[in-house]
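# A structural walkthrough
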Amino acid sequence: MLKLYNTLTRKKQIFKPLKNNLVRIYSCGPTVYDYDHLGHAWRYLSDDILRRVLEYNGYKVKHVMNITDVGHLTSDSDTGEDKMEKTAQEQKKTAHEIADYYTKIFFEHRKKMKMLVPNIICKASGHIKEMIDLIKILEKKGYAYKTSDGIYFNVKKFPKYGKLSGNTLDKLKAGARIEINKEKKHPADFALWKFSPKNKKRQMEWLSPWGIGFPGWHLECSAMSMKYLGSSFDIHTGGEDNIFPHHECEIAQSEAATGKKFVNFWLHARFLTIENQKMSKSLKNFYRLEDIEKKGFAPMALRYLFLTSHYSSKMNFTWQGLEASQNVLNKLYEAMADYKKAKRICFESEKKFPRAKIMENKFFEAVNDDLNTPKALGIVWNLIKSDCPDSIKKSCLLKFDKILGLGLDKIKPRKIKISAPIKKLLQEREKARKEKNWQKSDEIRNNLKENGYLVEDSLQGQKISKIKKLF
Ligand SMILES: [Zn+2]
């Protein structure tokens, strides 16, 4: 039974798809005007775990992610410059070139972090028609009005505004700063369409029934999610900074247009801090994946570090924490390399280890409890420390890794180099066993053990492995 914390109801709830066995998820993607940083990696990892857990539960997942390449202004309240156009000007490139470049890097980073690729990746600039169509519906239903700089959504017509973030219209009006745009009917009204400035030609602008311009930022996510997932779908994800105003506005314009509930579950990842400080350009702590790699850490160590925190608690990145994660991950890989050598033992013998089954159940209980990966990792180490046979540990870990995504399936079995004296001892033992000289055979086994080797007898003969001190 899968439970997820829903920002909308502020409760952990049992998850069930709206339609049959299919789970439809929409994730707010990046605005591709700059390099993605560790904050993005943290936020998107929770989507990746969510998807893997849903698939483990037997659901089919349709995952859509957008790429914002137009309309996201430097201020979330529809003022300031377009982030894409600003960077294009600074770098003397076209907005499309900027978008393509940073999108490519973003997906390279995701791949290195072993994040699954969304089923549909959609660019805002490729869905202008859908956005215009949505504004037309809102206009027809009386939710939109025109000012001198654009078409706005009238929040007063949507009394449920604030249901996600708690920022209700009364609260917003009372706390509103002096409104720059005096033509707005309420401070929370937001742009559906912005007109191009009269004195300046934008790189990205389109003809609309209201005039040449570009879509408001919030609009793209409503238009694209509903195009690919239908007017009501299961899960919408984002970072906690998306809750307001972005997601609140998405709900308002989508539900106003369709008259239906837009999304059933809203999941938000909390912020990431760096050494307990907010990431900021001035503190020079906007670390990218390359910065991690330059210091000799594997992207998988970062994934491991992120798995040690719950997505809905604050993630504090420290270099010390990353180093510790790299060490623990190496131990996990070493253990797996040993287990990979183990032959699967027969079903009857597996039955003798009900503890493995119990741990397996506990692992899936943990991830099904609102994606509790820190707890799940604890169970991984309980299993490794247990007396279960290697073959069982191997099969359990491979199952767990379908969710953890640490690449355990790619770990090669450990090959051990055996020195000539050890080889000789093994031959002597083989001979003793043939002669049924059990005492000598045991003596040699103890001798090997003192030298750090474990010998097990199987149908195929003696099996030797190095005794490792993991702890
Ligand atoms: Zn969005």
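Residues numbered from 1 in each chain as written. Predicted model: local features only at pLDDT ≥ 70, side-chain atom pairs only at ≥ 80, totals over all residues. Heavy atoms only, no water.

Attention shifts here to the sheet that holds strand E10 (residues 233-239). Reading across from one edge, E5-E4-E3-E10-E11 is the order of the 5 strands in this open sheet, with parallel pairing throughout. In the strand order of this sheet, the two ends are held by strand E5 (120-123) and strand E11 (263-269), each with one partner. Averaged over all neighbouring strand pairs, the angle between strand axes comes to 20 degrees, with direction disregarded. Pairing geometry for E10 and E11, over 6 bridges, is parallel. Counted as the bridge partner of His236 is Trp266 from E11. On top of the sheet, helix H3 (residues 95-112) reaches strand E4 (60-67) and E5; it is set at about 145 degrees to E4, its chief contact. (Pairing = 2+ DSSP bridges. Helix = DSSP H or I, 4+ residues; strand = E, 2+ residues; numbered from the N terminus. Axes fitted to C-alpha atoms, helices over the stretch in contact; angles between N-to-C directions. Contact = heavy atoms within 4.5 Å.)

Space inside the largest pocket adds up to approximately 1,200 Å³. Among the secondary structure elements, those contributing two or more residues to the lining of the largest pocket are helix H1 (38-56), helix H2 (83-91), helix H6 (217-229) and strand E12 (272-274). Of the residues assigned to the lining of the largest pocket, the class counts are 14 nonpolar, 16 polar and 12 charged. (1 Å grid on protein atoms, 1.4 Å probe; cavity = no way out; pocket = protein on both sides within 12 Å on 5 of 7 lines; lining within 4 Å. Points joined across faces, edges and corners; volume = space filled by probe spheres on them. Nonpolar A, V, L, I, M, F, W, Y, C, P; charged D, E, K, R; others polar.)

We now examine the coordination of the zinc ion. Distances from the zinc ion to its protein donors, Cys28 (SG), Cys221 (SG) and His246 (NE2), fall within 2.0 to 2.2 Å. Mapped onto the sequence, the residues coordinating the zinc ion show the spacing C-x192-C-x24-H. Highlighted residues: Cys221 in helix H6 and His246 in helix H7 (residues 243-258), separated in sequence by 25 residues. Taken as a pair, Cys221 and His246 share a single burial class, namely buried. (Donors = N, O, S within 2.8 Å, 3.2 Å for Na, K, Ca; no water. Buried < 20%, exposed > 50% of the residue type's maximum accessible area, 1.4 Å probe, protein only.)

Domains assigned within the protein chain are domain 1 (3-269), domain 2 (302-410) and domain 3 (420-466). Centre-to-centre separation of domain 2 and domain 3, based on C-alpha positions: 32 Å. (Domains from an automatic or database assignment.)

According to the stated counting rule, one finds 26 salt bridges in the structure shown. Residue Asp48 is joined to Arg52 by a salt bridge in which the shortest nitrogen-to-oxygen separation is 2.9 Å. Of this pair, Asp48 and Arg52 both sit in helix H1, 4 residues apart, roughly one helical turn. A single burial state applies to Asp48 and to Arg52, both of which are buried. Across the pair Glu435 and Lys431 runs a salt bridge, and its minimum N-O distance is 3.7 Å. Each member of the pair, Glu435 as well as Lys431, is classed as exposed. Taken together, the shared-partner salt bridges connect Asp48, Arg52 and Arg303 into one network. (Salt bridge = Lys/Arg side-chain N within 4 Å of Asp/Glu carboxyl O.)

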